[in-house]
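In case you want the letters, here they are:
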Amino acid sequence: MFFLCNSKLKKTKALKMRTVEAFALSLLLLFLVKWANSDSKVSPIRDQFLSCMSTHSVSSFMNSKSLIHEPDSRLYTDLSQTVSQNYRFSSLNFSSEKPILIATPRTESEIQRSLLCSRKLGVQVRTKSGGHDYEGLSYLSSQSPFIVLDLINLRSIDINLREETAWVGAGASIGELYYKIAKASKIHGFPAGTCPSVGVGGHFSGGGFGAMMRKHGLAADNVVDARFVDANGRIYNGRREMGEDLFWAIRGGGAASFGVVTSWKVKLVRVPEKVTCFTRYLPFTQNMTKIVHRWQSIAATLEDNLFIRVIIYNSGGSVQATFQANYLGGIDKLIPLMNEKFPELGLRFQDCSEMSWIDSIMYFNWKRGQPLETLLDREQRYNDLYFKAKSDFVKNPIPETGLEGIWKRFHEVESPMMIMEPLGGRMYEIGETETPFPHRRGNLYNIQYMVKWRVKDIEEMEKYVRWMRLLYGYMRVYVSGSPRGAYLNYRDLDLGMNKAINCSFEDASLWGMRYFGSNFKRLAMVKGKIDPTNFFRNEQSVPPLIV
């Protein structure tokens, strides 16, 4: 009997498999027809664009196939997928046509021509530095046709130790900048993020959190000059030519709303020859909750040389907390400081390691002991990994019962994570209107929420996104409000999207006030002056406000 049932079961499964395969084949054929029709529509525009570019006789742009990549080229696929952060999830979550081409300019004149041809033909532009935009707005678009302007060839870095500055190409990565600084000096550094493959273009223009922000502020706070190309192809040779309003806007307001920054001049900071790092792992106990609760009250009040962040995650079905710290000094000073200010953590001498500043970058990126050259690796090996992220700012400590509610929700999915990074120090000294980033004094710390999954399936995606949205809803009573703050570099389209080409300032304020607070109106006024026709636009770009 078992054999007969098993045989019928196999036949039934085989029939179902053939049905599924036939259905999948029909979907594939429909997709190919749609793709062919779509491609036939954009091919003339693509040809016109290439023709427009070729008329620029003084440029070598059209003389090299390596600078313009069409959809049938391997580099087109590599640049649009492999390099882009969270590409697969963005493709599922975001309805986008393919770019008609990807341009990788080497000079400002090539950028200039790309913009002029795009504007002439009504082609939208997406500007990509490192491809880490969480929602894919640097390489995806709901408006077609469009091109991707990939700045990967603009990666020169010029260190000037006498001035203690550096000019950095907008296509360079943070890791490349760190590497160049370390090769030039043992006593200089730069306060930017901990992920070396992030491009400086988006990181600087969105603010730029990092392990030294309590001492030196955001990356954007340390930008002193920039070069810029506007929608009319005009090249601005620095801060003086662009004016203080535009220079203000691109340092935290998202430069992609205004034009193309081609390079940044940053102020290097002094670092001690030895810094100290530690990592403390706490298992899921009532004591863990009490220590995290205590951290909220003291992390932003510690001396500005000390940065302690907390990472909450689910490991093997159990919620754990990791305390990770960077101290600009030696162990001999750190241990007494921790014993006085944060004895609950129980930090011991053997938990700490002294190292150079550049080694602390490797430490925070879980690459300690590897060759320094790994900082130059721009490839992001995500394979089948997807994620959804959100952000918050916390003004008052979350009570222990509130934290326990978070832990409970972290048991509902496999790979949730929450990173809590303290403000205070230099972050409180800079006024909320000095740059577009407004989340300064009054905020204890920032939260980045993230959930990851590996199955490329719409239902699976919806499950994890739903979980993230429910967690975000739960947190509402514990975080900032009126408006509820968010961080641009942790972009979140759930906050709102520009539905129309000519989105109004009022409609865009739904999400704009979350990122920029009262600075959003000034950003829109700057936009109204530099790009009144709204050429540089995306699903969360600043709209022009003309007064």
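Thresholds, definitions, all that
Residues numbered from 1 in each chain as written. Predicted model: local features only at pLDDT ≥ 70, side-chain atom pairs only at ≥ 80, totals over all residues. Heavy atoms only, no water. Phe/Tyr/Trp six-rings, centres within 6.5 Å; stacked < 30°, edge-to-face > 60°. Helix = DSSP H or I, 4+ residues; strand = E, 2+ residues; numbered from the N terminus. Buried < 20%, exposed > 50% of the residue type's maximum accessible area, 1.4 Å probe, protein only. Lys NZ or Arg CZ within 6 Å of the ring centre and 35° of its normal. Polar contact = N/O pair within 3.5 Å; in protein donor to acceptor, adjacent residues only side chain to side chain. Contact = heavy atoms within 4.5 Å. Expected span 1.5 Å × (residues − 1).

Asker: Just to check I follow, could you spell out the packing of aromatic side chains for this structure?
Answerer: How two aromatic rings sit relative to each other is set out by the distance from centre to centre and by the angle between their planes. Counted by the stated rule, this structure contains 27 aromatic pairs. Geometrically, the ring pair formed by Phe204 and Trp264 is edge-to-face, given 5.8 Å between the ring centres and 80 degrees between the ring planes. A residue pair is termed long-range when its members are at least 10 positions apart, and Phe204 in helix 6 (residues 200-206) and Trp264 in strand 10 (residues 260-267) qualify at 60 residues. Like Trp264, Phe204 is buried. Centre to centre, the rings of Trp511 and Phe520 are 5.5 Å apart; their planes meet at 65 degrees, and the pair counts as edge-to-face. In this structure, Trp511 and Phe520 share a single accessibility class: buried. Put simply, the rings of Tyr134, Phe209, Phe387, Phe393, Phe437, Tyr487 and Tyr490 pair up and form one aromatic cluster. Here the guanidinium or amino end of Arg409 rests over the ring plane of Tyr474, the centre of that ring lying 3.8 Å away.

Asker: What's the story with the side chain of Ser129 in this structure? I'm lost.
Answerer: Turning to its location among the elements, Ser129 is positioned in the loop between strand 3 (124-128) and strand 4 (146-150). We classify Ser129 as buried; its relative accessible area is 10%. A polar contact is formed between the side chain of Ser129 and the backbone oxygen of Ala170, at a distance of 2.6 Å. Contact partners of Ser129, with chain neighbours within four places excluded, come to Ala170, Gly171, Ala172, Gly199, Val200, Gly201, Gly202 and Arg378.

Asker: Even after reading the chapter, I still don't get helix 16 (residues 505-516), so can you show me in this structure?
Answerer: For helix 16, built from 12 residues, the straight-helix expectation of 16 Å at 1.5 Å per residue is missed by more than 12%, its first-to-last C-alpha distance being only 13 Å. Buried within helix 16 are the following residues: Phe505, Ala508, Ser509, Trp511, Gly512, Arg514, Tyr515 and Phe516. Among the structural elements, helix 15 (458-475) and helix 17 (519-530) are those in contact with the buried residues of helix 16.

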